[in-house]
Amino acid sequence: MRQLIAGNWKMNGSLTMARGLLDALRAADAALGCDLLVCPPATLVSVAAHALLGSRVAVGGQDCHAKPAGAHTGDISAPMLRDAGASHVILGHSERRADHGESDALVRAKVAAAVAAGLLPIVCVGETEAQRVGGQAEAVVAGQLAGSLAEDFAGVVAYEPVWAIGTGRTPTEADVAAMHAHIRAELERRLGAGGAGLRILYGGSVKPSNAAALMALPEVGGALVGGASLVAEDFLGIARAVRG
Ligand code: 13P
């Protein structure tokens, strides 16, 4: 399977910025050996879907509500994202777990809502620095997988160590490889054969300069990119570094 390079714009992006960036991705996409996904803020999902119409670059949301509709002021549902042109949605990002107190059970409910709406969920897991230092990283991630994924999960998993997000620090290649092997084993144990083929992305301070080494590691099926996804040259630099 081709690797997936996904951009999580987080709470960044304007109409002007989006148009320039998306045009650049659209122009470069055909020559790439990987799949591209952009996850702009909800205000720009429809804009991105229109700008990328007819290209292979996919569009995703950054979160959705667990319910398809109703009295939930300020929230956005999975069917709304689908209606706006999204095909994917990021769920359980550590910033949502921290800023909005999202639990594994809530993430699991959101995954079900996403799948019901025809979206491919990208479920984020990852340990804090204290948990890694305390030797609990693998147990924490196993617990997040167990709590967030149903037995029939068929989406993407993103391993994002919380301490590597936006810090410029990354785990060693050996640590990334070990965690991805652990996640693969957990997916196979819990999901059976279905767990063998799911993409496992790495996220946390991925840049053009470290992407080739990270993307070459076994069981790394792509990257979930934050800051570097906001600059076309950087995002495409990462995409060009994949093993193809
Ligand atoms: P950075 O690439 O900015 O570290 O962010 C990673 C991330 O959280 C992507 O979801």
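In this text the structure is predicted, and so the values were computed from the model without any measurement.

It is worth spelling out unusual backbone geometry at this point. Not every positive phi belongs to a glycine, and S205 is a case in point at roughly 60 degrees. By the secondary structure assignment, S205 is in the loop between β7 (200-203) and α9 (208-215). Owing to a relative accessible area of 14%, S205 belongs among the buried residues under this scheme. Despite not being glycine, E219 shows a phi value in the positive range, around 70 degrees.

In this section: the layout of surface pockets. Approximately 560 Å³ is the volume attributed to the largest pocket. Broken down by element, the residue count for the lining of the largest pocket peaks at three residues, all from helix α4 (residues 94-99). Taken together, the residues of the lining of the largest pocket sort by class into nine nonpolar, six polar and six charged. Estimated volume of the second largest pocket: approximately 190 Å³. Lining of the second largest pocket is provided by R108, V111, A112, V115, L119, L120, P121, S148, A150, D152, F153 and A154. Per-element tally for the lining of the second largest pocket: the top contributor is helix α5 (residues 104-116), with four residues.

Another aspect to go through is the state of the cysteines. Summed over the entire model, instances satisfying the criterion amount to zero disulfides. Looking at the unpaired C39, the closest cysteine sulfur is the one in C124, lying at 9.3 Å. C39 provides the cysteine sulfur closest to C64, a residue in no disulfide bond, and the two sulfurs are 12 Å apart.

With that settled, consider helix α7 (residues 137-148). Its twelve residues place the ends of α7 16 Å apart at the C-alpha level, agreeing with the 16 Å of an ideal helix rising 1.5 Å per residue. Those residues of α7 lying buried are A137, V140, V141, A142, Q144, L145 and S148. Along its buried surface, α7 packs onto α4, α5, β5 (120-125), α6 (129-133), β6 (156-159) and α8 (173-191).

Close to the ligand lie 13 residues; K10, H93, G166, S205 and G227 are nearest. Contact between the ligand and S205: an oxygen atom at 2.8 Å from a main-chain N or O atom of the residue. For the ligand, the protein covers 94% of the area, taking 310 Å² as the surface of the free molecule. Its residues placed into classes, the shell around the ligand shows four nonpolar, seven polar and two charged.

Take α5 next. When the terminal C-alpha atoms of α5 are compared, their 18 Å separation across 13 residues agrees well with the 18 Å that a helix rising 1.5 Å per residue should span. Those residues of α5 that sit buried are V107, K110, V111, A113 and A114. Axial view of α5: buried residues confined to an arc of 165 degrees, hence all on one face. Turned more than 90 degrees away from the buried face of α5, the exposed residues are A105, V115 and A116. One or two positions beyond α5, positive phi appears at G118, with a value near 90 degrees.

Summarising the element assignment, H88 is placed in strand β4 (residues 88-91). Relative accessible area serves as the criterion here: at 11%, H88 is assigned to the buried category. A polar contact of 2.8 Å, which involves the side chain of H88, links it to the side chain of S87. When residues no more than four places from it in sequence are discounted, the contact partners of H88 are L37, A58, V59, G60, G61, L119, L120 and I122.

Looking now at the nonpolar core. Core analysis: the largest hydrophobic core is formed by 64 residues, its most contacted members being I5, L36 and I183. Contacts of I5, omitting those with residues within four sequence positions, involve C34, D35, L36, L37, M215, G222, A223, V225, F235, I238, A239 and V242. Counting twelve residues, the second largest nonpolar core, distinct from the first, contains A6, L37, I122 and L201.

Axis separation between α5 and α7 bottoms out at 7 Å; the angle between their running directions is 45 degrees. Classified by the angle their axes make, α5 and α7 are oblique. The handedness of the crossing between α5 and α7 is right-handed. Residue-level contacts link D104, A105, V107, R108 and V111 of α5 to G143, Q144, A146, G147 and S148 of α7. Here the contact of α5 with α7 is composed, by residue class, of four nonpolar, four polar and two charged.

Calculation rules
- Sequence order sets the numbering: in each chain, residues are counted from 1 along the sequence as written.
- Restriction of local features to residues with pLDDT of at least 70 applies here, the model being predicted, together with a cutoff of 80 or more for giving and counting side-chain atom pairs; totals for whole chains, interfaces and linings are based on all residues.
- Think of the side-chain values as coming from all heavy atoms in the structure, minus any hydrogens and water.
- Segments assigned H or I by DSSP are reported as helices when at least four residues long, segments assigned E as strands when at least two residues long, and all are numbered from the N terminus.
- Exposed residues in this analysis have more than 50% of their type's maximum accessible area, buried residues have under 20%, and partly exposed residues fall in between, with area computed by a 1.4 Å probe over protein chains only.
- A pocket, in this scheme, is an open set of points on a 1 Å grid over the protein atoms alone with protein on both sides within 12 Å along at least 5 of 7 lines, while a cavity is a set where a 1.4 Å probe fits but cannot get out; residues line either one if an atom lies within 4 Å of a point.
- Grid points are joined across faces, edges and corners, and a volume is the space filled by probe spheres set on the points.
- In the scheme used here, Gly and all other residues not listed as nonpolar or charged are polar, with Ala, Val, Leu, Ile, Met, Phe, Trp, Tyr, Cys and Pro taken as nonpolar and Asp, Glu, Lys and Arg as charged.
- Here, a disulfide means two cysteine sulfur atoms that sit within 2.5 Å of each other.
- Working rule for helices: expected span equals 1.5 Å times residues minus one.
- Any two residues having at least one pair of non-hydrogen atoms within 4.5 Å are treated as being in contact.
- Any residue with a heavy atom positioned within 4 Å of a molecule or strand is treated as near that molecule or strand.
- Here a polar contact is recorded for every N or O atom pair within 3.5 Å, except that within protein the pair must consist of a potential hydrogen donor and a potential acceptor, and residues adjacent in sequence are included only if both atoms are side-chain atoms.
- Under the convention used here, a 1.4 Å probe and the Shrake-Rupley method define accessible areas, while residue burial counts only the protein chains that appear.
- Within this analysis, the arc is defined by the directions that extend from the helix axis to the C-beta atoms.
- Residues belong to one nonpolar core when they are buried, are Ala, Val, Leu, Ile, Met, Phe, Trp, Tyr or Cys, and are joined through side-chain atoms within 4.5 Å.
- Axes here refer to lines fitted to C-alpha atoms; in helices the fit is confined to the stretch in contact. Angles between the N-to-C directions go from 0 to 180 degrees.
- Oblique is the label for any angle not covered by the other classes, which are roughly parallel (under 35 degrees), roughly antiparallel (over 145) and roughly perpendicular (65 to 115).
- Helix crossings are classified by the rotation of the near helix relative to the far one: an anticlockwise turn of less than a right angle makes the crossing left-handed, while a clockwise turn makes it right-handed.

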